[in-house]
Amino acid sequence: MADVLLTHSYHLPYDPKQVRKMQPYAPLGTLYAASALRAGNISVAVFDTMLEDPEPGFINAMKQSRPRIVAIYEDDFNFLSKMCLTRMRELAWQLAHEAHKAGAVVIAHGSDATDQAEAYLRNGVDFVLRGEAEQTLVELCSAILSGHPHVDIPGLVYLDGEDSPVQSTGKTPKNASWSTLPKPARELIDLEPYRHAWTSAHGHFSANVVASRGCPYRCNWCAKPISGNKFQIRPARSVAAEIRELKEMYGVQHIWFGDDVFALNHHWVQDFANEIEAMHCALPFKIQSRADLMTHTTVAGLKRAGCTEVWMGAESGSQKILNAMDKGLRVSDVVTARSRLADENIRACYFLQFGYPGETWEDIQQTIALVRNTRPDDIGISLSYPLPGTVFYERVQEQIGAKRNWTDSDDLCVMFRATYKDEFYKALRNALHAEVNSWKNGDSSETADAGFLWQQVFELEPKMRNAEATTLARSSSDGTSTPNLVPLHALAAAGRHI
């Protein structure tokens, strides 16, 4: 038995793109919540939906643990959870209804539950937790289990006696003690299915770790419903010790750091490298970071610590678009970072984003040119996705129709009046991916395939222009002035060349 049954709503087989990649990671955010509950002397069990059939698995977990409380606590350290996918929402509601049938109090936490609190409350959830919620979860569960008052605990959303959603008083919680929480309770889930999936698909076992939480940068399309712009980092020694444990106790052979922005503190990077060397626990790892953080010193420190791959949010090869995004980045920063990483034999990979308001054919060509001129080791492509709480969302929300979230991570539906229609952006994505793959694999047939796909892009470009598109132009090149709405037809047409 357990007082609380923790679970989450990301189920890999519901996401065909991620099934093809087959890189599943344990739900760290959920496991940190489990550690917090244990530290509060609350017994806890975890049902992990990642690789197990959710409905029968959850029902069996309910029967075994007979919890008084079920918490659907999403992994805040996984970008897939932050995408607020409708398949996750549907599963969360299904789990909530099953828990209610068994008489449990149901709590939900995560980006989507924060954005859609009332919808969750009307679909089987009793309380939605806002902000960095580990401490809120402990306080709420303790109060429920002891029969003490709980509706005034900061960070709660619930339905009042008149069936209206209300928020408890107080600021949205920010857990200042997160960096000192006990390590995530991995022993509460079965890691063997993860090991099997990884070794079968890739020949090695990779596990996830986080060294920091949050991001202080203010890209205006980035949703931050949990941490806002707050950032905190764990002690370097603690992170290195966790990697040593994963290596020695679990046989992990590779690490993915799920941090929003790794290497923000360049002194910390050197301390981390020193700790890794002192503990003799180096493992190859990949990170997500920013190009302008890749100084010579930081790149050398990452190399010493074992870094083999850096994913950078390049987003666009057009400085105009980067400025419109409030990215605070120069295209030249990407070029420099790619060179510095190559000098240390670290793979440099780009996250790219197409479809941002105001992006023209000329801007797209500049992004393609950046990729071709710098030849990253890999790319990830997404389309601009307006999520609540962002400046981007506020600018385009009147254009968004009934569909307000992607179904899965490969949906890539444009939900506002972008410059082009979906078919063009998907053709563009396929062509650029195919070209980069042809470089990586040195396959002449893939080169020919890429050429065919680019021809499709050329043919679609004039046909897929959105006559009703609206762009966001700025009156100055530094991206600091107020954006203005400008009709697409007022822009000068760019020549068709790549």
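Overview of the structure. None of the values given here were measured: they were computed from a predicted structure.

### Considerations on the layout of surface pockets
And then number 1: Quantified by volume, the second largest pocket comes out at close to 330 Å³.
And then number 2: Lining of the second largest pocket is provided by 17 residues; of these, Val 46, Phe 47, Asp 48, Glu 52 and Leu 188 occupy positions nearest its centre.
And then number 3: Going through the elements one at a time, strand 2 (44–47), helix 3 (54–65) and helix 9 (192–202) are the ones with two or more residues in the lining of the second largest pocket.
And then number 4: Element by element, the count of residues in the lining of the second largest pocket is highest for helix 3, at five residues.
And then number 5: Looking at the lining of the second largest pocket, its residues break down into ten nonpolar, four polar and three charged.

### Regarding the sheet that holds strand 12 (residues 285–289)
And then number 1: The strand order across the open sheet built from six strands is 8-11-12-13-14-15, with neighbouring strands paired in parallel fashion. Bordering the open sheet on either side are strand 8 (206–209) and strand 15 (378–383), each of which pairs with just one other strand. Within the sheet, the average angular offset between the axes of one strand and its neighbour, ignoring direction, is 20°.
And then number 2: Pairing between strand 14 (residues 347–354) and strand 15: six bridges, direction parallel. Note on strand 15: the bridge partner recorded for Tyr 350 is Ile 379.

### Observations regarding the state of the cysteines
And then number 1: Here the structure, examined in full by the defined rule, presents zero disulfides.
And then number 2: No disulfide involves Cys 219; its nearest neighbouring cysteine sulfur is the one of Cys 222, lying 6.3 Å away.
And then number 3: With a relative accessible area of 12%, Cys 219 lands in the buried category.
And then number 4: No disulfide involves Cys 349; its nearest neighbouring cysteine sulfur is the one of Cys 307, lying 9.8 Å away.

### A look at the sheet that holds strand 7 (residues 165–167)
And then number 1: Strand order in this open sheet of seven strands is 2-1-3-4-5-6-7, and the pairing throughout is mixed. Each edge of the open sheet carries a strand with a single partner, namely strand 2 and strand 7. The average undirected angle you get between the axes of adjacent strands in this sheet is 25°.

### Digging into empty space enclosed by the protein
And then number 1: Applying the stated rule across the entire model yields five cavities of 30 Å³ or more.
And then number 2: Roughly 60 Å³ of volume is contained in the largest cavity.
And then number 3: Taken together, Pro 24, Tyr 25, Ala 26, Arg 186, Leu 191, Tyr 194, Phe 205, Ser 206, Ala 207, Asn 208 and Leu 246 make up the lining of the largest cavity.
And then number 4: Of all the elements, strand 8 adds the most residues to the lining of the largest cavity, at three residues.
And then number 5: Its residues assigned to classes, the lining of the largest cavity comprises eight nonpolar, two polar and one charged.

### Digging into the packing of helix 3 against helix 5 (residues 86–101)
The relative placement of two packed helices comes down to the angle between their axes together with the axis-to-axis distance.
And then number 1: As a packed pair, helix 3 and helix 5 sit with axes 11 Å apart at the nearest point and diverge in direction by 30°. Note on packing geometry: the crossing formed by helix 3 with helix 5 is right-handed. Contacts from Pro 54, Glu 55, Phe 58, Ile 59 and Met 62 of helix 3 reach helix 5 at Leu 91, Gln 94, Leu 95, Glu 98 and Ala 99.

### A word on the packing of aromatic side chains
And then number 1: In this structure the tally under the stated criterion is 24 aromatic pairs.
And then number 2: Relative to Trp 256, the ring of Tyr 25 has its centre 4.9 Å away and its plane inclined at 40°; by these criteria the two rings are tilted. You can see Tyr 25 sitting in the loop between helix 1 (16–21) and helix 2 (28–39) and its partner Trp 256 sitting in strand 11 (residues 254–257), a full 231 residues away along the chain.
And then number 3: A relative accessible area of 7% places Tyr 25 in the buried class.
And then number 4: Put simply, the rings of Phe 257, Phe 262, Trp 268, Phe 272 and Phe 285 touch in pairs and so form one group of aromatic residues.
And then number 5: Its guanidinium or amino end placed over the ring of Trp 454, Arg 372 lies 5.3 Å from that ring's centre, counting from NZ or CZ.
And then number 6: For the cation-ring pair, Arg 375 lies above Trp 439, with the distance from its terminal atom to the ring centre recorded as 4.3 Å.

### Points about helix 11 (residues 266–279)
And then number 1: For helix 11, with 14 residues, the first-to-last C-alpha span of 20 Å sits near the 20 Å given by 1.5 Å per residue.
And then number 2: Residues of helix 11 that are buried in the fold lie against strand 10 (232–233), helix 10 (236–250), strand 11, strand 12 and helix 12 (296–305).
And then number 3: Measuring from the backbone nitrogen of His 267 back to the side-chain oxygen at the start of helix 11 gives 2.9 Å, which picks out Asn 265 as the cap.
And then number 4: With its phi angle positive at about 50°, His 280 sits one or two positions after the end of helix 11.

Procedures and definitions
Residues numbered from 1 in each chain as written. Predicted model: local features only at pLDDT ≥ 70, side-chain atom pairs only at ≥ 80, totals over all residues. Heavy atoms only, no water. 1 Å grid on protein atoms, 1.4 Å probe; cavity = no way out; pocket = protein on both sides within 12 Å on 5 of 7 lines; lining within 4 Å. Points joined across faces, edges and corners; volume = space filled by probe spheres on them. Helix = DSSP H or I, 4+ residues; strand = E, 2+ residues; numbered from the N terminus. Nonpolar A, V, L, I, M, F, W, Y, C, P; charged D, E, K, R; others polar. Pairing = 2+ DSSP bridges. Axes fitted to C-alpha atoms, helices over the stretch in contact; angles between N-to-C directions. Disulfide = S-S within 2.5 Å. Buried < 20%, exposed > 50% of the residue type's maximum accessible area, 1.4 Å probe, protein only. Left-handed = near helix turned anticlockwise from the far one by under 90°. Contact = heavy atoms within 4.5 Å. Phe/Tyr/Trp six-rings, centres within 6.5 Å; stacked < 30°, edge-to-face > 60°. Lys NZ or Arg CZ within 6 Å of the ring centre and 35° of its normal. Expected span 1.5 Å × (residues − 1). Polar contact = N/O pair within 3.5 Å; in protein donor to acceptor, adjacent residues only side chain to side chain.

Remember that the coordinates give geometry; whether it matters functionally is a separate question.
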